[in-house]
Amino acid sequence: MRPCCSPGPSRRHLLTGIAALAATGTACSGNATPSPAPTGTGPGYPQPQWVPAAATNYTPADRPDGHPVRMVIVHVTQETFPDTLMLFGRPGYRASAHYVVRSEDGHLAQCVRERDVAWHAGNAAYNWRSIGIEHEGRVDEPRWFTQALYERSAGLTAAICRRYGIPVDRRHIIGHDEVPGADHTDPGPLWDWARYMRLVRAAF
Ligand SMILES: [Zn+2]
């Protein structure tokens, strides 16, 4: 199995990646600027674990300058937490997300800086204006969708919305399956949007 942000078998991720690379001319340079401390925290939470994605798997940028961050996109990995981090760190994997939340305890890892463009949506325009959050789980297995997972993710999303002035609503906090042209079905019917949005509003 591959995480939801896998490059294949869909060609769309690959095309998105190529488009993004063509736009920036920084393909596979391997010399991205040194990493400052991750910024993906909200009040009351520890710093995320920093597990950087390989430089081939995202586009360096300087958001929100020139490219405002306007939405959060919710994913489910279809992979374990450690395997997802391993794949994002693999050179040439050509997919990534900003954050990955672990199911059992809500532990948070950050793989791409928010100013950079992670390749998670399968749609270059949406990648450029969003933050991608992966949730450890499988779309057809309820046991992954723990309260800890929802709470930590909701706290993160609330912090992102505060940081960039993003409205806390379902037009700006969407699932991967709601991205135009997306051929992925995550986060799937087991993802409890009402519960999640309630938690995001409470944390906001
Ligand atoms: Zn996804």
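Keep in mind that what you see is a predicted model, and the values were worked out from it rather than measured.

This part covers the confidence of the model for the chain. Looking at the chain, pLDDT values average 86 and 79% of them are 70 or higher. Of the regions scoring below 50 in pLDDT, residues 8-37 engages in 43 contacts with residues more than four places distant in sequence or in other chains.

Let's shift gears to helix α2 (residues 81-88). Listed in full, the buried residues belonging to α2 are Phe81, Thr84, Leu85, Leu87 and Phe88. Take α2 and look down its axis: the buried residues cluster within an arc of 165°, on one side only. Here the buried face of α2 lies against β1 (49-50), β4 (99-101), β5 (108-110) and β7 (130-135). Measuring from the side-chain oxygen of the N-cap residue of α2 to the backbone nitrogen of aspartate 83 gives 3.2 Å; that N-cap residue is threonine 80.

With that settled, the discussion passes to the environment of histidine 75. Examined against the element boundaries, histidine 75 turns out to sit in strand β3 (residues 71-76). Take histidine 75: its relative accessible area is 0%, and that puts it in the buried class. In the structure, histidine 75 is positioned 22 residues away from alanine 97 in sequence and 9.1 Å away in space, judged by C-alpha atoms. Of note is the side chain of histidine 75, whose polar atom sits 2.9 Å from the side chain of histidine 120.

Counted under the stated rule, the structure contains seven aromatic pairs. When the centroid spacing of 6.4 Å and the interplanar angle of 50° are considered together, the rings of tyrosine 150 and tyrosine 196 count as tilted. One end of the pair, tyrosine 150, is in helix α4 (residues 147-164); the other, tyrosine 196, is in helix α5 (residues 193-203), and 46 residues separate them in sequence. Judged by centre distance (6.0 Å) and plane angle (75°), the ring pair of tryptophan 193 and tyrosine 196 falls under edge-to-face. In this pair, tryptophan 193 and tyrosine 196 both sit in helix α5, three residues apart, roughly one turn of the helix. Just as tryptophan 193 is buried, tyrosine 196 falls in that class too.

Reading the values: the criteria
Residues numbered from 1 in each chain as written. Predicted model: local features only at pLDDT ≥ 70, side-chain atom pairs only at ≥ 80, totals over all residues. Heavy atoms only, no water. pLDDT = per-residue confidence, 0-100. Contact = heavy atoms within 4.5 Å. Buried < 20%, exposed > 50% of the residue type's maximum accessible area, 1.4 Å probe, protein only. Helix = DSSP H or I, 4+ residues; strand = E, 2+ residues; numbered from the N terminus. Arc of directions from axis to C-beta. Polar contact = N/O pair within 3.5 Å; in protein donor to acceptor, adjacent residues only side chain to side chain. Phe/Tyr/Trp six-rings, centres within 6.5 Å; stacked < 30°, edge-to-face > 60°.

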